[in-house]
Amino acid sequence: MEVARSKLGLALLFLSENPEAAFSVLNECLILFEDNQAKKYVDLTKAILSEIKPLDKVQEPNSLAELLMLTKREQEVAVLIGQGLSNKEIAERLYVSVRTVTCHLERIYHKLGLRSRSALVNYIYEQCRLV
């Protein structure tokens, strides 16, 4: 919890100068707070995220460069999705909770402008050839 609260403070410092960095750090905080069942902090983090959510426009992804804007863990999750693993199987393989996998997927969809798991699988196969 201390790490999550520290990251929350860091994200708040980023808000005015670098909202993209703040968004990323806040998503990390959200996962940590959810894993610790800290409802008050989950609600606070979601409220902040709803105010700064960058680029809500859905766009067509079209390159490996777009996939590379994902964090290393998000890339791992995306590749495992492309291999046909379920959220539970991914969670077991990466030693995280199913909820954490779900949060990673939500961020992946947002960053790549996708709306579904099947769209992500198609993206991986057609655009990236990573699997």
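Residues numbered from 1 in each chain as written. Predicted model: local features only at pLDDT ≥ 70, side-chain atom pairs only at ≥ 80, totals over all residues. Heavy atoms only, no water.

Asks: So what exactly am I meant to see when it comes to unusual backbone geometry here?
Replies: For residues that are not glycine, phi is negative in most cases, and the peptide bond is trans in most cases. One non-glycine residue, Q37, lies in the positive phi region at around 55°. Although it is not a glycine, Y95 sits at a positive phi angle of roughly 60°. Tracing the sequence through the fold places Y95 in the loop between α6 (87-94) and α7 (98-112). (Helix = DSSP H or I, 4+ residues; strand = E, 2+ residues; numbered from the N terminus.)

Asks: Quick question: what am I supposed to make of the nonpolar core here?
Replies: Nonpolar side chains in soluble globular proteins tend to be buried together. Residues V77, I90, L105, I108, L112 and L120 are the most contacted members of the largest nonpolar core, which totals 18 residues. Only α5 (72-82), α6, α7 and α8 (117-128) provide two or more residues apiece to this core. It is α7 that contributes the most residues to this core, 5 residues altogether. Excluding residues within four positions of it along the chain, I108 makes contact with L70, E74, V77, A78 and L120. (Core = buried A, V, L, I, M, F, W, Y, C linked by side-chain atoms within 4.5 Å. Buried < 20%, exposed > 50% of the residue type's maximum accessible area, 1.4 Å probe, protein only. Contact = heavy atoms within 4.5 Å.)

Asks: For this particular structure, what's the right way to read the packing of α6 against α7?
Replies: Two elements in contact, α6 and α7, have axes separated by 8 Å at closest approach and are oriented at 110°. Regarding the angle of α6 to α7, the classification is roughly perpendicular. Residues N87, K88, I90 and A91 of α6 pack against V98, V101, T102 and L105 of α7. Classifying every residue of the contact of α6 with α7 by side-chain character gives 5 nonpolar, 2 polar and 1 charged. (Axes fitted to C-alpha atoms, helices over the stretch in contact; angles between N-to-C directions. Parallel < 35°, antiparallel > 145°, perpendicular 65-115°, else oblique. Nonpolar A, V, L, I, M, F, W, Y, C, P; charged D, E, K, R; others polar.)

Asks: What's the story with the confidence of the model for the protein in this structure? I'm lost.
Replies: Low pLDDT means the predicted atomic positions in that stretch should not be read closely. When pLDDT is averaged across the protein, the result is 78; 82% of the residues are at 70 or more. For the protein, per-element mean pLDDT is lowest for helix α4 (residues 64-68), which scores 52, and highest for α6, which scores 92. This model gives residues 55-65 a pLDDT under 50, and the stretch forms 19 contacts once residues within four places in sequence are excluded. (pLDDT = per-residue confidence, 0-100.)

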